[in-house]
Amino acid sequence: MRKIIVEVEVSVDGAMGGETTDFWKQVFPFHSADVQEYLDDLLFMPDALLMGQKTYESFAKVWPTRQGKAADRINSLPKYVASRTLKEPLQWNATLIKGDVAEEIKKLKQAPGKSLLQYGVGELTHTMLQHDLVDEFRILVFPFTFGEGPRLFEHMGINTLKLLDTETFSSGAVVHRYQPQEQA
């Protein structure tokens, strides 16, 4: 059975950047060579991406115009997109998840293959958590405070995580690998 891994990048105060360019301007100075190696390794681990509509739309604007090993990889990966408003056909090697999103993702998870990766946290993550589909969170924490924006587990209904591993990078960034625990 495939694993579903959710990767998110946050400031040390738990803020996620989303579409806020100011956040990403603060993140990039901390993308040291070892952080980039971690992100590249993560990108080459799955054989498909899971995306909500916002991530799909923002990534599909940027990644097809980029070049290099990471761009080639992300552009070639199949993408499964959850959306109530997008219509087929989708661009950028993407397939719209139809019907019951949780059931369809469960089928993807049970299919043979490598892991499935979701970048960012949002409504799709919440749905997957409600149905116990998320196997692991990879939370990449950058050593600055942002002070605004959505918080990592805001409205997610999760309050207990099991620490699997921690890795510290030369820039001061840290990645924590967590497994969601059943909620009481």
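Our structure is the block above this text.
I will try to describe carefully the structure that is included in this document.

Conventions adopted
Residues numbered from 1 in each chain as written. Predicted model: local features only at pLDDT ≥ 70, side-chain atom pairs only at ≥ 80, totals over all residues. Heavy atoms only, no water. Helix = DSSP H or I, 4+ residues; strand = E, 2+ residues; numbered from the N terminus. Contact = heavy atoms within 4.5 Å. Buried < 20%, exposed > 50% of the residue type's maximum accessible area, 1.4 Å probe, protein only. Pairing = 2+ DSSP bridges.

**Things to note about the environment of P150**
Moving on, step 1. Relative to the elements of secondary structure, P150 occurs in the loop between β6 (136–142) and β7 (161–168).
Moving on, step 2. Taking the C-alpha atoms as reference points, P150 and G17, separated by 133 residues in sequence, lie 7.7 Å from one another.
Moving on, step 3. Apart from residues lying up to four places away in sequence, P150 is in contact with G14, A15 and M16.

**Brief notes about unusual backbone geometry**
Moving on, step 1. A cis amide bond, omega 5°, links E88 with the succeeding residue P89.
Moving on, step 2. Tracing the chain through its elements places P89 in the loop between β3 (79–82) and β4 (94–96).
Moving on, step 3. Not every positive phi belongs to a glycine, and W92 is a case in point at roughly 65°.
Moving on, step 4. On the secondary structure map, W92 appears in the loop between β3 and β4.
Moving on, step 5. The backbone phi angle of N93 is positive, close to 55°, even though this residue is not glycine.
Moving on, step 6. With respect to the secondary-structure elements, N93 resides in the loop between β3 and β4.
Moving on, step 7. Residue N93 is classed as partly exposed on the basis of its relative accessible area, which comes to 42%.

**Remarks on the pairing of strand β5 (residues 116–119)**
On any regular strand, side chains alternate: one points to one face of the sheet, the next to the other face.
Moving on, step 1. Residues L116 and Q118 line one face of β5 and the alternating positions L117 and Y119 line the opposite face, and both faces are buried.
Moving on, step 2. Where strand β1 (residues 4–11) lies against β5, 4 bridges are found, and the strand directions are parallel. Bridged to I4 within β5 is L116.
Moving on, step 3. Sheet analysis places strand β2 (residues 48–52) next to β5, joined by 3 bridges and oriented parallel. Within the sheet, the bridge partner assigned to L49 lies in β5 and is L117.

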